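# Chains, contacts and geometry: an overview
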Amino acid sequence: MGKQEDFIAQIQPWVTAWHDIYGWGVISAIIGQACLESAYGTSDKVVPDRNNYFGLKYKPNRVTCNNGTFTSTSAEYKDGKYYPIITEWFKFPDMNTGVRGYFQFISTGPYKVQNITDPRSYLTELKAHSYATGPNYVENVMAVIEKHNLTQ
């Protein structure tokens, strides 16, 4: 197994467990998001002790399982261009809690997407509610899903 497959094998049980507890979401899409957002667990949002696998920006009262926040850079897409940003991000004690944080984050507000079982539809709905700003977000996550056959 390669590093990407190792990451998928590591995060998949947590995604499945929290999916079963919350009762909604599309497992393949969520794993694909974690792969893309965290560069398979290697981004500065994850290491050394941040465990933010989904690029969850800090929003007051959105997540309760975090253990603080940190400041880091990213880019937002607006008006046909990417703009650098510096913002606060949620920090989690471990991978399990980082995945739980994702489900907490998207359980409120416009991100709560229920009754969808198709990964493309799930991602399209999240993007429509500004979960991600990149114009190719859905296609990029779908490419990860297809590359690793995550729907199986």
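Along each chain, residue indices are assigned from 1 in the same order as the chain's sequence is written. Only residues with pLDDT of 70 or above have their local features reported here, since the model is predicted, and side-chain atom pairs are shown and tallied only from 80 upward, although totals for entire chains, interfaces and linings are computed over all residues. With hydrogens and water excluded, all non-hydrogen atoms of the structure serve as input to the side-chain values.

## So, the packing of helix α1 (residues 3–22) against helix α3 (residues 95–105)
Worth spelling out the cut-off: Every axis corresponds to a line fitted to the C-alpha atoms, with the helix fit spanning only the stretch in contact, and the corresponding angles, defined between N-to-C directions, vary from 0 to 180 degrees. Helix numbers and strand numbers start at the N terminus; a helix is a DSSP run of H or I with at least 4 residues, a strand a run of E with at least 2. We call two directions roughly parallel when the angle between them is under 35 degrees, roughly antiparallel when it is over 145, roughly perpendicular when it lies between 65 and 115, and oblique otherwise. By the definition used in this description, the sense in which the near helix is turned from the far one sets the handedness, with an anticlockwise turn below a right angle giving left-handed and a clockwise turn giving right-handed. Any two residues whose heavy atoms approach within 4.5 Å at even a single point are treated as in contact.
Their axes nearest at 9 Å, the elements α1 and α3 cross at an angle of 45 degrees. With respect to each other, α1 and α3 are oriented oblique. Crossing of α1 over α3 shows right-handed handedness. Mapping the contact onto sequence places Phe7, Gln10, Ile11, Trp14, Val15, Trp18, His19 and Tyr22 in α1 and Met95, Asn96, Val99, Arg100, Phe103 and Gln104 in α3.

## Re the pairing of strand β2 (residues 81–90)
To keep it simple, the criterion reads: When DSSP finds two or more bridges between a pair of strands, those strands are recorded as paired.
Direction of pairing for strand β1 (residues 69–78) relative to β2: antiparallel, over a ladder of 10 bridges. Bridge pairing in β2 links tyrosine 77 to tyrosine 82.

## Describing the nonpolar core
Rules: Side-chain atoms within 4.5 Å are what join buried Ala, Val, Leu, Ile, Met, Phe, Trp, Tyr and Cys residues into a set we call a nonpolar core. For the exposure calls, accessible area comes from a 1.4 Å probe over protein chains only, and a residue counts as buried if that area is under 20% of its type's maximum, exposed if over 50%, partly exposed in between.
Among the nonpolar cores identified, the biggest contains 42 residues, and Ile11, Phe54, Tyr102, Tyr122, Leu123 and Tyr131 are the most heavily contacted of them. Going through the elements one at a time, α1, α2 (27–38), α3, α4 (119–128) and α5 (137–147) are the ones with two or more residues in this core. With 6 residues, the single largest contributor to this core is α5. Among all residues touching leucine 123, those that are not within four sequence positions of it are Ala29, Gln33, Tyr137, Val138, Val141, Met142 and Ile145.

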